[in-house]
Amino acid sequence: MTAEGTARISELAERLAAVQRRIGSAMTEAGRGDGVPTLIVVTKFHPAADIRRLAALGVGDVGENRDQEASSKAAELADLGLNWHFVGQLQSKKAKSVAKYAHAVHSIDRTGLVDGLERAIAAEQDRTGRGALQCFIQVSLDDDAGAHRGGATPGEVPLLADRLAAADGLELAGVMAVAPLGTSPEVAFEKLAAMSVSLVAVHPSATAISAGMSQDLEAAIRFGATHLRIGSDILGSRPTVG
Ligand SMILES: *Cc1c(COP(=O)(O)O)cnc(C)c1O
C-alpha cells in the first residue's frame, strides 16, 4: 500500500470510530435498548478507493445519490459484496439501472416510480435471481414548499405505501426524511416518528426509519432512527464537482 493509502485508511478509521462512538452515546442517552441502527456511509463524490478502504474497516452499507456514479462504483467494487443504498432523487427512466445494483432505495416519492421499479426488479430477478428491493418512502417535512428537499407530502404516504406493499419484488421497509434547513431537526424527526407509527399501524413490518445525517444523527436516534446516512463526518468534505 502507498503511504498516501495508509494515511487515508487511518484517517477513515478514526472518523468512523468517532461516528460509532457518537451513535453509541446517543443510543444510551435516548435509553434505546433495541439494535444499533444500520450505518450507511454516504460515499457520493468520493472515489471507489475510499469505499474499498471502508469495506476493509468493516463497513457493509454504502449510499450514493446519482445513478451514473453509483452504477460504475458498484460494478468496480462488485467483489466486496456491499449493500448499495440509493438515497437521491430518482427518475423513473433510471429504475432499470438501479435494479442492477441497489439493495435499497430511500427516495420513493411517487407511484410512477414504484411502477418503474417493480418492472425493473422483476426483469432483474428473472435474469439474476436477486432479492427484493428494500423501499423507503421519502417524506417531505417542509411546511414551506419553496424550501422543498424532496419527498412525498404526508397526505400522499398512505396510497404510496399500499401501492408499494402490493408490488412484487419490492419490500416496504419504512419512511425516510431529510430534516428541512433552518428548523430544528428534533421537530422534523418527531413528525417523522409520528408518520412511522401511522404507517406501521397499517403495514406492521414497515418499521424502518431512515433519518440522520452528519449534523443531526443524535436527534434522529432520539426519535427512533433505524438507518443513519452519514457522509462528511466520515469521509471529510465533498469535492465540489458536478
Ligand atoms: C449526502 C446525503 C447524506 C449525507 O450527508 P452528510 O451531511 O454528508 O452526512 C444523507 N442523506 C442524503 C439523502 C444525502 O444526499
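That block above? That's the structure.
Residues numbered from 1 in each chain as written. Predicted model: local features only at pLDDT ≥ 70, side-chain atom pairs only at ≥ 80, totals over all residues. Heavy atoms only, no water.

(A) Spotlight on the overall build of the chain. Regarding its fold elements, the chain presents 9 helices and 8 strands. The C-alpha atoms of the chain give a radius of gyration of 18 Å, which matches the 18 Å a tight globule of 242 residues would have. In terms of overall dimensions, the chain has a C-alpha envelope of 55 × 45 × 35 Å along the principal axes. For the chain, restricting intrachain contacts to residue pairs at least 6 apart in sequence, the fraction spanning at least 24 positions comes to 59%. Looking at the chain as shown, the accessible area adds up to about 11,300 Å², and 53% of this sits on carbon and sulfur atoms. Side-chain charges of the chain comprise 24 positive and 29 negative groups, with the mean position of each set lying 5 Å from the other. (Helix = DSSP H or I, 4+ residues; strand = E, 2+ residues; numbered from the N terminus. Rg over C-alpha atoms; globule rule 2.2 N^0.38 Å. Contact = heavy atoms within 4.5 Å. Areas by Shrake-Rupley, 256 points an atom, 1.4 Å probe, with all protein chains shown as cover. Lys, Arg positive; Asp, Glu negative; His and termini not counted. Charge placed at Lys NZ, Arg CZ, Asp CG, Glu CD.)

(B) Inspection of the pattern of salt bridges at higher detail. If you walk through the whole model with that rule in mind, you get 17 salt bridges. The salt bridge involving D34 is made with R32; its shortest N-O contact spans 2.9 Å. Between R53 and D50 there is a salt bridge whose closest N-O contact spans 2.8 Å. Of the two residues, R53 and D50 are both situated in helix α2 (residues 48-56); the distance of 3 residues between them amounts to about one turn of the helix. A relative accessible area of 21% means that R53 is categorised as partly exposed. Through salt bridges with shared partners, one network takes in R8, E11, R15, D50 and R53. (Salt bridge = Lys/Arg side-chain N within 4 Å of Asp/Glu carboxyl O. Buried < 20%, exposed > 50% of the residue type's maximum accessible area, 1.4 Å probe, protein only.)

(C) Expanded view of helix α1 (residues 3-29). Taking 1.5 Å of rise per residue, 27 residues should cover 39 Å, and α1 covers 39 Å from first to last C-alpha, within 8% of that figure. For α1, the complete set of buried residues consists of G5, R8, L12, L16, V19, I23, A26 and M27. Of the surrounding elements, those touching the buried residues of α1 are β1 (38-42), α2, α8 (217-222), β8 (227-230) and α9 (232-235). Immediately downstream of α1, the backbone of G31 shows phi near 65°, a positive value. (Expected span 1.5 Å × (residues − 1).)

(D) Quick look at the environment of A78. Mapped onto the secondary structure, A78 falls in the loop between α3 (67-76) and β3 (83-86). Take A78: its relative accessible area is 56%, and that puts it in the exposed class. Along the backbone, A78 and Y101 are 23 residues apart, and their C-alpha atoms lie at a distance of 8.9 Å.

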